[in-house]
Amino acid sequence: MSIDTADSNKSKKVLYTVSDNGVATVTFNNAEKHNAFDDIIIKTLTDIFNDIAKRDDIKIMVLAANGKSFSAGADLAWMKRMAGYSYEDNLKDATKLAQMLKALNFMPQATIAKIQGAAFGGAVGLASCCDIVIASNKASFCLSEVKLGLIPATISPYVVNAIGLKASRRYFQTAERFFADKAMQLGLVDEVVEAEELTPAVDKMIATLLNNSPKAMRQAKQLAFDVAYQDINEQLLSDTSARIASIRVSSEGQEGLSAFFDKRSPAWQQSATTGSHLSKDSEG
């Protein structure tokens, strides 16, 4: 199922499909420009991410790209246009990008970035906002902003969270290009596979996630956000105890425990196998 969020030109640059078993695939489809994004694509992505977040039937989102590159980051024509704008206009424009990244980062569903090639500038931010990043061994990354006299400002909270302060201090300043193995060492990438194994690796991860309780995954993701960097005090102990007590008596919690003790598959696994992953191979 393809969903156009705006006019036909926009829909061609970003594809949005949802499979019968609840896997949304959002695909950059502007290969001739190395999937660089501009204000129109940012709005399209924001609309799509917000739509996915509201849908209970979607369990997983895959962010992918057609062509050789995942994304070259900001489109040069857009950057040239913005350079001639006022501070106020630039602030509005940057805020829209920041809101798009926030929508991706805090999407309640599990998110997978499928990176087959170059991911530069803002694309590193997109990867940093995803829960799981699987990359081809041909993928490369670069925080290239300082080469243009700019800084990776809106993506910085997510990149620092992904690779840490020390690495960010280096790569924010050097604009060095680094490859998938280094990205995995830094924590930006979770798995590196041969190029021809990228789609099977993503499909395997999808199958792993579909085995799990959809509601529990959403709550587990939120749990990670909520307990990170918190003091382990009585308030935190009380909160986490309340969360596990609540989910134990929930419908999916009861189903999961019953299925385990009855030595059968829980209902969500049965429903996951009734559909198929309809999204096309995104490698191009």
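Residues numbered from 1 in each chain as written. Predicted model: local features only at pLDDT ≥ 70, side-chain atom pairs only at ≥ 80, totals over all residues. Heavy atoms only, no water.

Points about the overall build of the chain
Check the secondary structure of the chain and you find 13 helices and nine strands. Relative to its length of 284 residues, the chain is compact, with a C-alpha radius of gyration of 20 Å against a globular reference of 19 Å. Seen through its principal axes, the chain has C-alpha atoms that stretch 65 × 45 × 35 Å. Of the contacts made within the chain by residues no fewer than 6 positions apart, 70% connect residues no fewer than 24 positions apart. Only carbon and sulfur atoms are counted for the fraction: they give 55% of the accessible area of the chain, which is about 14,800 Å². If the 31 positive side-chain charges of the chain are averaged to one point and the 33 negative ones to another, these points end up 3 Å apart. (Helix = DSSP H or I, 4+ residues; strand = E, 2+ residues; numbered from the N terminus. Rg over C-alpha atoms; globule rule 2.2 N^0.38 Å. Contact = heavy atoms within 4.5 Å. Areas by Shrake-Rupley, 256 points an atom, 1.4 Å probe, with all protein chains shown as cover. Lys, Arg positive; Asp, Glu negative; His and termini not counted. Charge placed at Lys NZ, Arg CZ, Asp CG, Glu CD.)

What to know about the packing of helix α6 (residues 156-163) against helix α7 (residues 165-174)
Look at α6 against α7: their axes get within 7 Å of each other, and the N-to-C directions meet at 125 degrees. Classified by the interaxial angle, the pair formed by α6 and α7 is oblique. In this structure, α6 crosses over α7, and the sense of that crossing is right-handed. In this structure, α6 uses Ser-156, Val-159, Val-160 and Ile-163 to contact α7, whose residues at the interface are Leu-165, Ala-167, Ser-168 and Phe-172. (Axes fitted to C-alpha atoms, helices over the stretch in contact; angles between N-to-C directions. Parallel < 35°, antiparallel > 145°, perpendicular 65-115°, else oblique. Left-handed = near helix turned anticlockwise from the far one by under 90°.)

A short note on the environment of Lys-68
By secondary structure assignment, the location of Lys-68 is in the loop between β3 (60-65) and α3 (76-83). Exposure remark for Lys-68: the relative accessible area of 76% places this residue in the exposed category. When residues no more than four places from it in sequence are discounted, the contact partners of Lys-68 are Gln-116, Gly-117 and Ala-118. (Buried < 20%, exposed > 50% of the residue type's maximum accessible area, 1.4 Å probe, protein only.)

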